[in-house]
2 protein chains.
Amino acid sequence: MQLSRKADYALRAVAYIAQVKKGDLASIGRIAKARAIPREFLAKILKELTRAGILVSYQGVTGGYRLARAAKEISFLEVIEAMEGPVRVNLCVDGRHCECSNEKSCEIRPFFVKQQEQISRALERQNFGSYTNGSR
Amino acid sequence: MQLSRKADYALRAVAYIAQVKKGDLASIGRIAKARAIPREFLAKILKELTRAGILVSYQGVTGGYRLARAAKEISFLEVIEAMEGPVRVNLCVDGRHCECSNEKSCEIRPFFVKQQEQISRALERQNFGSYTNGSR
């Protein structure tokens, strides 16, 4: 019941990029060093974040990454789901995977459905707006 | 960021055993059938729950399992941690694993520390007392 290392790194990378001065780009090397993220793993993560429409990548020697949108429009949930797929605190909260024959009298599911709502709401509300240097 | 299948099965098994009439034992076969849990996996889980002091096991043809304590004294947290070890929504919430050099200005950790407190509290409060048949 733990966030993957990959999603944790993704959050840290996006938070770092959110702090970069408007117009500037963050290079892989800079992010890796600043946030102690293994460089090759970071490259893979940044590629996936770009594919997910969270970052924009610029090639070349002076290339790097910037946010694809305003920092306050990127939620923790979006970044985590780009890495791990849908956040589900328990498989059963997604009705399709509720395997028991006793769904109606299930003792476990209602509790996790409630936890799911709470964590999803918290992750959706938490965005990177507060991490900017005020220029976004 | 999902509860393991093993911990989910453990919760379901304990909830089932909590419903068994006082003095009766729940056999592996009965629990497996009632909660659609693969029998061999369940046997392993029940052994671990016994080792953790959550269940008591009785050997023999008429053997089976009962709770080691009153159902309301067994929390979801205890059962999950017996299966997965300490619940940590993110590795960094445990100070020893906070790897960044920027702990003081970290953008991510305070959010997860808060989530950790909330989920731990919810899992600690949730016990199996409401699942008994009133005889405990």
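Let me begin by describing the structure that accompanies this report. Worth saying up front: this structure is predicted, and the values here are computed from it rather than measured. (Residues numbered from 1 in each chain as written. Chains lettered and ligands numbered in written order. Predicted model: local features only at pLDDT ≥ 70, side-chain atom pairs only at ≥ 80, totals over all residues. Heavy atoms only, no water.)

**Regarding the relation of the copies chain A and chain B**
Stage number 1. Take chain A, turn it by 180 degrees, move it 0.0 Å along the axis, and it overlays chain B with an RMSD of 0.0 Å. On the angle and the small slide along the axis, the relation comes out as a two-fold axis. In terms of C-alpha distance to the rotation axis, chain A has M1(A) as its closest residue, with the C-alpha 2.5 Å off the axis. (Least-squares fit on C-alpha atoms with pLDDT ≥ 70 in both.)

**Considerations on helix 3 (residues 39-51) of chain A**
Residue and element names in this part refer to chain A.
Stage number 1. Between its terminal C-alpha atoms helix 3 stretches 18 Å, which fits the 18 Å expected from 13 residues at 1.5 Å a residue.
Stage number 2. If you check which residues of helix 3 are buried, you get L42, I45, L46, E48 and L49. Buried positions in helix 3, seen along its axis, are confined to an arc of 160 degrees and lie on one side of it. Exposed side of helix 3, more than 90 degrees from the buried face: E40, K47 and R51 are the residues found there. (Helix = DSSP H or I, 4+ residues; strand = E, 2+ residues; numbered from the N terminus. Expected span 1.5 Å × (residues − 1). Buried < 20%, exposed > 50% of the residue type's maximum accessible area, 1.4 Å probe, protein only. Arc of directions from axis to C-beta.)

**A short note on the packing of helix 4 (residues 76-84) of chain A against helix 5 (residues 109-125) of chain A**
All names here are of chain A.
Stage number 1. At a minimum axis distance of 5 Å, the contact between helix 4 and helix 5 shows a crossing angle of 110 degrees. By the criterion of interaxial angle, the relationship of helix 4 to helix 5 is roughly perpendicular. Residues F76, L77 and I80 of helix 4 pack against S120, L123 and E124 of helix 5.
Stage number 2. Considered class by class, the residues forming the contact of helix 4 with helix 5 number four nonpolar, one polar and one charged. (Axes fitted to C-alpha atoms, helices over the stretch in contact; angles between N-to-C directions. Parallel < 35°, antiparallel > 145°, perpendicular 65-115°, else oblique. Contact = heavy atoms within 4.5 Å. Nonpolar A, V, L, I, M, F, W, Y, C, P; charged D, E, K, R; others polar.)

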